[in-house]
Each structure stands twice: as structure tokens, then as C-alpha cells.
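Overview (structure and organization)
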Amino acid sequence: MSQGTDYHFAMSKLKLYIDNPDIDIITGVCPHDCPDTCSWQVAVERGSGRAVDIWGHAGQPVTAGLLCGKVDRYLDRVYHPDRLTTPLQRVGTKGAGEFRPVAWDEAVTDIASRLSGVITEFGPESVFQYSYAGTMGLLQGEGMSQRFFNRMGASRLARTICAEAGFRGYQYTIGRAVGMEMQDFAHAKLIVIWGSNTLTSNVHLWPFVLEARKQGARVIVIDPARTRTARAADEWIPTRPGTDGALALALMHVIITEGLLDADYVERHTLGFSQLAEGMQQFGPDWAAEITGIPAERIRSLAQEYALTQPAAIRINYGLQRHAGGGMAVRNIACLPALVGAWRYRGGGIQLSTSGSFPLKKSTLQRPDLLQGMRPRTLNMNRLGDALSLDRVRLAAAHEHARPVDLAPTAEHAGPPVKALIVYNSNPAAVAPDQSAVLAGLRREDLFTVVLEQFQTDTADYADYILPATTQLEHWDILKPYGHLYLGLNRPAIAPLGDALPNSEIFRRLAQAMGYDDPCFRQSDEEALREFVESQTHPTLRGITWQRLLEDGFARLNLPDPYLPFAEGEFPTPSGKCEFYSERMARDGYDPLPAWTPPQTISLAGESASDGWLSLISPPAHNFLNSSFANLEHSLRREKRPVVRIHPIDAARRGIGDGDQVCLRNELGDVVLAAEISADIIPGSVLAPGVWWNKLSPDGRNVNQLTPQTEADMGAGALFYDVGVQVEKSDRR
Ligand SMILES: Nc1nc2c(c(=O)[nH]1)N[C@H]1C(S)=C(S)[C@@H](COP(=O)(O)OP(=O)(O)OC[C@H]3O[C@@H](n4cnc5c(=O)[nH]c(N)nc54)[C@H](O)[C@@H]3O)O[C@H]1N2
Ligand SMILES: Nc1nc2c(c(=O)[nH]1)N[C@H]1C(S)=C(S)[C@@H](COP(=O)(O)OP(=O)(O)OC[C@H]3O[C@@H](n4cnc5c(=O)[nH]c(N)nc54)[C@H](O)[C@@H]3O)O[C@H]1N2
Ligand code: SF4
Ligand SMILES: [Mo]
């Protein structure tokens, strides 16, 4: 691909600093939960040790010199006056956010003694960890922390909040989260962006989409919302939330009945075609049109266009799987490229995530052996409200049950109540579903809560102790992306601010205070990462040495270039084929064939919704990253205020005018947002971009007041976009 303006901009930065004796240039990686995992370079003033500039790495082929608008201002985040720089102990009531500074030693000693007390009385499972991808770093994420929790035998966390349903659905069909390489989208002739707002959440894919377009490719977006990506595409196909599974079934129906398939590929590399052909008979375009709201004729022509335009690429993101049938939807969509033979071609296939391409052995980092035979329960993060409840029935319901065949324990076997909670890399008071239940749990006086944070988030307000954590400029890490194939090394560019410490060091100190004397708790960050890199034996990682990472900052997996993972079949499924029919699904309690699993809100979708219910989706706001950046002036200025987008038809029916305060309500709670009347959302649905901090929202709460703890069909995934709400004008401000 030709080098773009971002590349030249980054090169000019490099030239500006490289011969300056007062400046060091340090290479790192963006830590945020984003498929792009950009490599960056930071200019640091030698004298002051202060970072003065940051830009995208020009040499990393996906980053290509560009950081997104949020991280381009990462230095504002690092040096923000609100950064936490000293440990804090609560002095006010829980949630009030009143704290006093304390010394590290005092905090660590007291935390260890409180945890020990809880463990003596209730057992180690009464300690619960809650974390997600505030940083995706393998060390500052689930590295040192897992050593600590494994040694303790604390309750484990099923990290289900984002992607689990789709992940499982994809696995059943394809075997692992392996798909197209990002750069190969440039070679596609047709690109279907399905349930993904690329220009917001995956910007580094876009240059490759544009490249394909220059060569004549058409770009189609399937989404309930006319997103900025849909606007930039050739066509927006509006669809009802949670109905993508039905669309995929009908596409298969047309491809099969009209004989548009790649018979040779199907014959050699797929399993169960005859059952599929029979099973799909019932799912015609007319049937799917009723469900999706897409005209039957367009479904038919889309199937033809998809089958006959090769190479055809599909980008699915996680938007379409945060529904009751989200796992099955992805399972169905994942069948499409094999049916039409798209995997044969460079630029053909599908990408959900590339994470399955990284055969990283994490045991040296996480040390599961420290469990020493303990088998602590696993609680589902989407049921944090239930997990923190003292009601044993609810606690039992919080146990992970990822498949229909996994039964939740009875109340007697729920285990001890959660008495201590350690939160890091996450802001559950804002991001977790069923917010009232979460806050009720966090408010419990008998719950001892420790929060490791960079900022005093909504969650931190409920802590007994807040421990100040470093940012990516201040610590070591290794990053595994989920949108491309480059492993990245992050070197610290500056010293920690104030008394802030890396998560790794905080867990090291806590381990020491708990009396855990295993040598792994004395290993430095650099040693831990180096050992991790050197312990890898898989051929795909061959040649990725510690030295090379230190020198270059990133390294592509040792995979062929171009990388066509399934051109010759070889799917990592039990049969080695793309499984249209899946024995594993049958065993796990699912239909072994692609099937229709409706969303919870199915009866609400469409203009005919007569009883007033609308279906709510709350995808990422452009200038936030989940709830990160949602406290920074620049991002807040751009997002202005928490809004809900509502179609003119639905607004008129409710007498709602543009800018009116409206109340969204269901059985779980309510929230007041400003109405934005817009045809950019389909009738029958409303869209509230997230995730706002509660305390920075005019209503003091956010849209997760309305989202349920209920699990998706697969992997106990979250149902953020499968929510029924009533919407009415509000007098509340
Ligand atoms: N700027 C920014 N970037 C981000 C994030 C962020 O918050 N802000 N979040 C990061 C995270 S955590 C993740 S997981 C990734 C991926 O993040 P995703 O959550 O997948 O985000 P989007 O790419 O916005 O995709 C969601 C899209 O799906 C649409 N959608 C919702 N329901 C349905 C449905 O049923 N069917 C279809 N077809 N579409 C539906 C929404 O309207 C939206 O356009 O992005 C990451 N990148
Ligand atoms: N309604 C609704 N809710 C959603 C979503 C949605 O689309 N709609 N999206 C969901 C999705 S996809 C996801 S992935 C989750 C994400 O939810 P979270 O993983 O909780 O993500 P963030 O809200 O970004 O919070 C991450 C926190 O980690 C902190 N942090 C960053 N780096 C470090 C570090 O090195 N150390 C420590 N100690 N802290 C650090 C940040 O300051 C930030 O407060 O939210 C989910 N919630
Ligand atoms: S958030 Fe994503 S696009 Fe932005 S710098 Fe980080 S990895 Fe790159
Ligand atoms: Mo996510």
C-alpha cells in the first residue's frame, strides 16, 4: 500500500527529534481495548524526564504513523491533574468519594490484614477479583495479578463482558479466533462491515478498505444505525438489533438454493453440507425480511452479490453478538465464507478477531501451578450485581455457566459470600450491566473493596482503598492485539508519577504482605516479560526474541505473508473442516446446525411496536473508549452530553422534540438523557452512545441502569444491546 499522510507526519516527528541530544525516543504500544493495538513513539526530554510528544509508529504496518484522536492526546491523560498519585483511604460513606492520603506501607499492611481476616473467616473464595481490559497488557493485565490470586485461591472471574458469545459461536464453526489479516482487506472486491463501526472502533482497518475501494470494491455496512462508517460506505443496510443470525440463515438459503456456492471448496473443506442444505430450506428471504426488516429482494441480491463477487471480505465486530442469540448469529455468519469459497483468495474470508493466531503460552506469567490443587469457583463478570449479593440464590446464579449443559449450582453450593473485592483495569460501576444491583453490592458496609486506578472513577468512589496505578508511559508490558498479527513491546518512557505504581508492583507488594514468599513475587517486570518471551516454543512465535522486541518494539507472527489461513481448509476444528454441522454444539446443548436464536427484544423491533417498547443499543461513543477518556475535557467537549438517538416516527408518537429530556425506563431502572431526533437509527430502536461516567452525567447515572445481567446463548456473554425500554418526556434535569 502507498504510504499515507500519517506516515509522513510520523516520519517528520521522528526527524524533528532524532538528532536532538536533549530528547530520547521511546517505542511503546497503546494499551487500550481496541483491535488496532498501535505502536507509538514518545519523545522524552532528558533533563526533566517529561514526555513532550507522542505519535504513531511509522514503521508498524498497521499503525502506519496514525494514532486515533483519543490516544493522540495520551499525554493529557498521563499528566492530567486528576491523576491519582498517592494511595487513598476512605473517610466518607461508600460512594461519596471522600478519601485521605495514606502511605503505601500503611495501605498495603492494612489491606493484607483485612484480606487475611476475610480468608480466615470465610475462605479464600470470599475474595473476588474484577478486571477487564483497561490495559490489554499481558503483564499489567492478567500477569502478576493472576499469580497473586492463584496463590490465594480467590474466586476466579469469567471475563465475559465484551466478546464471549461471538467468540464461542466463531469457535464452533471455524475452530479458533483466526481470520483474515487486516491488511488483506485491501485486496477485497466486496467488503461487508457487519455490526462494526470501523471508523470509531477500528480506524486502522479503514485505509485498507479505502485501498480496496480504489480498486473498485463496494463497501456495505449492516447496522441498525447509520454510523459514521455507514455514511462513508457505499451502502447502509439497516437491520433490527439482534437479527443478524436470521439474515445469515437466509443468505445461506439463497446461496444454496440458487447454486451459488463453491462446490469444490464445500466438498473438500467443510463438514455437514447435506444437513445444512436441508436445514436452510425453512429460512427463506421472506421469513428473514419479517425479522430483520430488510426487504426480501435485498436479502436475495445481497446473497448473490456476496457469492459472486470474490474475494469478498466480512468484518464482524462485537456489536452484533451482545444479544440473546449473539453466539448463534456469529456461528451462522462464520459459515458464509466457506460456503462461497472466499477463504481461497487474498482479500476473502472473515475477521472477528485475530487473537486465536497467537499461540502464547501464558503459564510462566500467570502461574496456574500456584493453585496447588485448589479449584476456586468462577463467577461471571456480567453478574457482578448477583455476585455481590448476600442472597445465596443470586450468588449461585452468578456462577459461570457458559453452555446450556452447564448448570448453575444450587443455593447451598453457591460458596461463601463475596467479602472482599479487588478491582483493577476496569470501572464496573459505570460499565457493568444492571447498575443498580452493582451499586447496591458496592455499597455493602461489610464488603472490603480495593480499587487500583489511574483516576477516581465511579467505581473508585466505593473503594475502601484506592491504589494509584501507572499509565502505559510508566511501565513495561507486552501487548497481544486482536485485530492484527503484530506482538508489541511497551517500554516505560517516563518514571511513575508521584507514588503511582504498576499493577504488577502493587500485586507484588500485596503478595509480600500476605506472606507469599514464592520467588515469582520477587521477579521484576522486565524479568517476567523476558522469561515469558523466552518460554514460547510454538513455531508461530519462532524468531520473536526478547532482543528483537527491544530493538524494534513489535514483531509480526511467524506466519506466511500473505496469510490465507484456510485457503486449503485446515480449520482448527475437531474435524479439520469448517463445521456446518457441529457435534460439539450438539454435546454442549445447542442445535448442531445453524439455527435461529431470537433476541430478547424481538417483539419490540419495528415500526409496528404498538405497546410502546423500543429496543435500546448503546455502542461506543466516538471519543470515549468504554468509560476511559470519558473524564477528559477534550473527549467530553466533543461528546457534549449523554444523548439518546430516536427516530422521528418514534419521537413524534411520544411528543418528543429534539433536545428534550427523555426518560428511558424498564424493570431494572431508569435514566434521563437528551433526545436527538434522527433518521440515523431505525424506527423501533434507540441508540445511546456509551459509556459515560455516572458522576459526570447530568442524571448521575448512565445507560447501564437498563441493561440486564442475563446471559447470551453462548459463553455467558453480555446483552448490552438487547434491552427493551419505554421512552417518555421527562421533567427531571
Ligand atoms: N472509539 C472507541 N473505540 C473502541 C471502543 C470504544 O468504546 N470507543 N471500544 C473498544 C472495545 S471494548 C471493543 S469490544 C471494540 C469493538 O467494539 P464494538 O462494541 O463492536 O463497537 P463498534 O465497532 O462500535 O460496533 C458496534 C456496532 O454494532 C452496531 N450494532 C449493535 N447491535 C447490532 C446488531 O444487532 N446487529 C448489527 N448488525 N449491528 C449492531 C452498533 O450500532 C455499532 O455500530 O472496539 C474497541 N474500540
Ligand atoms: N452500555 C454499555 N456498556 C458497556 C459496553 C457498551 O457497549 N454499552 N461495552 C462493554 C465492553 S465491550 C467492554 S470491553 C467493557 C469495558 O469495560 P472496562 O474494561 O471497565 O473499560 P473502561 O471503562 O475503559 O475502564 C478501564 C479502567 O481501567 C483503568 N486503567 C487503565 N490502565 C490501567 C492500569 O494499567 N492499571 C489500572 N489499575 N487501571 C488501569 C482506566 O483508568 C479505566 O478506568 O464495557 C462494557 N460495557
Ligand atoms: S485506541 Fe486503538 S486506534 Fe487508538 S491508539 Fe489505541 S490502538 Fe490505536
Ligand atoms: Mo469490549
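Everything quoted here is computed from the prediction, not taken from an experiment.

Time to look at the site of ligand 2. As a structural note, the neighbourhood of ligand 2 is formed by 31 residues, with S426, E453, S627, S628 and Y721 the closest of them. Note that a nitrogen atom of ligand 2 is positioned 3.2 Å from one of the side-chain N or O atoms of Q454. Note that a nitrogen atom of ligand 2 is positioned 2.9 Å from one of the side-chain N or O atoms of N503. Here the residues of the shell around ligand 2 are counted per class, giving 12 nonpolar, 15 polar and four charged. Each of domain 2 (88-161 + 367-474 + 499-520) and domain 4 (602-729) gives at least three residues to the shell around ligand 2.

Right, let's talk about the sheet that holds strand 19 (residues 486-490) for a bit. Working definition: the strands of a sheet are paired by backbone hydrogen bonds and lie parallel or antiparallel to each other. An order of 18-19-20 is seen for the three strands of this open sheet, with the pairing classed as antiparallel. If you trace the sheet from one side to the other, it starts and ends with strand 18 (477-479) and strand 20 (554-556), each paired once. This sheet shows a mean twist of 15 degrees between the axes of neighbouring strands, independent of strand direction.

Moving on, we come to empty space enclosed by the protein. All told, the structure shown has four cavities of 30 Å³ or more when counted by the stated rule. As for the largest cavity, its lining consists of P642, V643, L673, A688, P689, G690, W692, S697, R701, N702 and V703.

Time to look at the domain arrangement of the protein chain. Split into domains, the protein chain comes out as domain 1 (5-78), domain 2 (88-161 + 367-474 + 499-520), domain 3 (165-352 + 564-587) and domain 4 (602-729). For domain 2 and domain 3, the distance between their C-alpha centroids amounts to 38 Å.

Our next topic: the packing of aromatic side chains. Under the defined criterion, the tally for this structure stands at 20 aromatic pairs. Centre to centre, the rings of F448 and Y465 are 6.3 Å apart; their planes meet at 75 degrees, and the pair counts as edge-to-face. Here the residue F448 occupies a position in strand 16 (residues 448-453), and Y465 occupies one in strand 17 (residues 465-468), the gap between them amounting to 17 residues. Residues F448 and Y465 agree in their burial class; the two are buried.

In the vicinity of ligand 3, the contacting residues are C30, C34, D36, T37, C38, L67, C68, V71, V203, H204 and L625. Looking at the shell around ligand 3, its residues break down into eight nonpolar, two polar and one charged.

Turning to the layout of surface pockets, a few remarks are in order. One simple way to see leftover space: roll a probe sized like a water molecule over the atoms. Of the pockets and cavities examined, the second largest pocket occupies roughly 1200 Å³. Taken together, 37 residues form the lining of the second largest pocket, with Y132, E142, R159, K362 and K480 sitting closest to its centre. Of all elements in the fold, only helix 4 (144-152), strand 7 (156-158), helix 5 (164-174) and helix 16 (363-366) reach the threshold of two or more residues within the lining of the second largest pocket. In terms of residue class, the lining of the second largest pocket is made up of 17 nonpolar, 11 polar and nine charged. Both domains that meet at the lining of the second largest pocket, namely domain 2 (88-161 + 367-474 + 499-520) and domain 3 (165-352 + 564-587), each give it at least three residues.

Moving on, we come to helix 5. With eight of its 11 residues buried, helix 5 lies for the most part within the structure. E164, A165, G166, G169, Y170, Y172, T173 and I174 are the residues of helix 5 that are buried. Looking at the buried positions of helix 5, the neighbouring elements they touch are helix 14 (326-333), strand 13 (349-351), strand 21 (578-579) and helix 24 (583-588). Positive phi appears at G175, one or two residues downstream of helix 5, with a value of about 115 degrees.

Within the largest apolar cluster, 145 residues are counted, with the highest numbers of intra-cluster contacts made by W194, L336, W343 and I478. The element that contributes the greatest number of residues to this core is helix 9 (residues 244-257), accounting for nine residues. With residues up to four places along the chain from it excluded, the contact list for W194 reads I222, D244, L247, A248, L251, I314, R315, I316, N317, L320, I333 and L336. The next biggest cluster of nonpolar side chains, apart from the first, holds 33 residues, and it includes I111, M152, A420 and L467.

Cut-off values and rules
Residues numbered from 1 in each chain as written. Chains lettered and ligands numbered in written order. Predicted model: local features only at pLDDT ≥ 70, side-chain atom pairs only at ≥ 80, totals over all residues. Heavy atoms only, no water. Near = heavy atom within 4 Å. Polar contact = N/O pair within 3.5 Å; in protein donor to acceptor, adjacent residues only side chain to side chain. Nonpolar A, V, L, I, M, F, W, Y, C, P; charged D, E, K, R; others polar. Domains from an automatic or database assignment. Pairing = 2+ DSSP bridges. Helix = DSSP H or I, 4+ residues; strand = E, 2+ residues; numbered from the N terminus. Axes fitted to C-alpha atoms, helices over the stretch in contact; angles between N-to-C directions. 1 Å grid on protein atoms, 1.4 Å probe; cavity = no way out; pocket = protein on both sides within 12 Å on 5 of 7 lines; lining within 4 Å. Points joined across faces, edges and corners; volume = space filled by probe spheres on them. Phe/Tyr/Trp six-rings, centres within 6.5 Å; stacked < 30°, edge-to-face > 60°. Buried < 20%, exposed > 50% of the residue type's maximum accessible area, 1.4 Å probe, protein only. Contact = heavy atoms within 4.5 Å. Core = buried A, V, L, I, M, F, W, Y, C linked by side-chain atoms within 4.5 Å.

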